[in-house]
Amino acid sequence: MGKRRFYILRVITSLLIAAFLCTCSGCSAPAMETDSSNKEKTDKIQIGMCFDSFVIERWQRDRDVFVSTAKELGAEVNVQNANGDPLKQKEQIEYFIKKGMDIIVIISIDPEKIVDSVKKAQDEGIKVIAYDRPITNAGADLYISFDNEMVGEMMGEAFVKSGLKGGKVVMICGPLTDNNVPMVRDGFTRVMEENDNEVLDIYYADGWKAEAAGDYVYSNTELIEEADAIMCGNDDLASRVVYALSEKRLAGKKLVSGQDADLEACQRIVEGTQLMTVYKPIEKLARTAAEAAVAMVSGEELPVDDIDEYDDGKKIVPYLKIETVSVSADNMDEVIIKSGFHLEEDVYLNVPGK
Ligand code: BGC
């Protein structure tokens, strides 16, 4: 008998034996297999993580650090991406509830759309963490984020430090469905008021879409020309704004802010077309959140001493607040390069002689 025919015969025999065993035991063999792997899985803490999207550079870092820290702590993370669709995010939370996760970590897109699902999860004994963005009126078990008002203040203070007093500003923010947006706005406008700067207009870019920010600049030429500074809600919005400005030969002539310390924003800063960004230590946020998630499921204390409070409209939620750093060309090396957030050769890619 040829080797191949012998092999086929062996496979058929094994299948027949398996089918026979299956009939006798009510098909316990595959079930046992599933059982044991499930058991192995359920022994570990199961974390569901719902992202808004990965379009913006920082979120991949958030995911990678969170997942690797959770793994080190013996937990498993199932990551879902809603691609900016709040209803899809709701479905993903419901899927995690059905799967019986121990805890769900949410970067919310539109709190109104998921409030019921958060309650449902908690009713099933699943804890919920609002990650980076508060989920208003939901009563999450924890909120962990950066100090968003401080982000806005830092943008305003950088403008003032560059001489903006009694000047004019246009604000291009993210969407109001992101609860961080009003906090950043309020921190910023407070500093503007204190320094007699006039806000000519506030625009909210739907879904954080950078193209919308660019379109705003193209279709509001007079306002843009009149403004001394353009506050951009993040570096991605700033990227399109600076591009549109450069087409109007205005790049470098208006003060522009951002946040996230995206690589391209750091490049624009050392090249002189963006004044500043806000560095948010993502590693710290994601690591602390993963440690907190595991601690909460295990019934242990939160991994930090300093716990703030956030009134989400439904209840006072424990708030782990992480500090941010204002970054300009002056402290780029100190903050961004020394910390290893970006490489020197990448940041100074287009700066000859550096
Ligand atoms: C975050 C920013 C981010 C933006 C868009 C905000 O909630 O605070 O860091 O750039 O969402 O994803």
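The coordinates are above.
Residues numbered from 1 in each chain as written. Predicted model: local features only at pLDDT ≥ 70, side-chain atom pairs only at ≥ 80, totals over all residues. Heavy atoms only, no water.

1. Quick notes on the nonpolar core
Turning to step 1, where the next piece is worked out: Among the nonpolar cores identified, the biggest contains 83 residues, and I47, F66, Y131, M332 and I336 are the most heavily contacted of them.
Turning to step 2, where the next piece is worked out: With nine residues, the top contributor of residues to this core is helix 12 (residues 282–298).
Turning to step 3, where the next piece is worked out: Split by domain, this core shows at least three residues from each of two domains, domain 1 (44–147 + 282–322) and domain 2 (148–280 + 326–347).
Turning to step 4, where the next piece is worked out: With near-sequence residues (within four places) excluded, I336 lies in contact with A261, C266, Y279, V327, N331, F341, H342 and V347.
Turning to step 5, where the next piece is worked out: Among the nonpolar cores identified, the runner-up in size contains 21 residues, and V118, V128, A140 and Y310 belong to it. (Core = buried A, V, L, I, M, F, W, Y, C linked by side-chain atoms within 4.5 Å. Buried < 20%, exposed > 50% of the residue type's maximum accessible area, 1.4 Å probe, protein only. Helix = DSSP H or I, 4+ residues; strand = E, 2+ residues; numbered from the N terminus. Domains from an automatic or database assignment. Contact = heavy atoms within 4.5 Å.)

2. Points about the site of the ligand
Turning to step 1, where the next piece is worked out: Around the ligand, a shell composed of I56, R58, W59, D132, R133, D178, N180, W208, N234, Q259, D260 and K280 is seen.
Turning to step 2, where the next piece is worked out: R58 has a polar side-chain atom sitting 2.8 Å from an oxygen atom of the ligand.
Turning to step 3, where the next piece is worked out: In the model, an oxygen atom of the ligand is placed 2.9 Å from a nitrogen or oxygen of the N234 side chain.
Turning to step 4, where the next piece is worked out: Expressed as a share of its isolated accessible area of 310 Å², the protein-covered part of the ligand is 99%.
Turning to step 5, where the next piece is worked out: Within the shell around the ligand, the residues separate by chemical class into three nonpolar, three polar and six charged.
Turning to step 6, where the next piece is worked out: Counting only domains with at least three residues in the shell around the ligand, you end up with domain 1 (44–147 + 282–322) and domain 2 (148–280 + 326–347). (Near = heavy atom within 4 Å. Polar contact = N/O pair within 3.5 Å; in protein donor to acceptor, adjacent residues only side chain to side chain. Areas by Shrake-Rupley, 256 points an atom, 1.4 Å probe, with all protein chains shown as cover. Nonpolar A, V, L, I, M, F, W, Y, C, P; charged D, E, K, R; others polar.)

3. Things to note about the sheet that holds strand 4 (residues 127–131)
Turning to step 1, where the next piece is worked out: Strand order across the open sheet formed by seven strands is 2-1-3-4-5-12-11, with mixed pairing between neighbours. A single partner strand is all that each edge strand has here, and the edge strands are strand 2 (75–81) and strand 11 (308–311). The mean angle between the axes of side-by-side strands here comes to 25 degrees, regardless of whether they run parallel or antiparallel.
Turning to step 2, where the next piece is worked out: The sheet strands contacting helix 12 are strand 1 (45–51), strand 2, strand 3 (103–106), strand 4, strand 5 (142–146) and strand 12 (316–322), and the helix crosses strand 5 at an angle near 170 degrees. (Pairing = 2+ DSSP bridges. Axes fitted to C-alpha atoms, helices over the stretch in contact; angles between N-to-C directions.)

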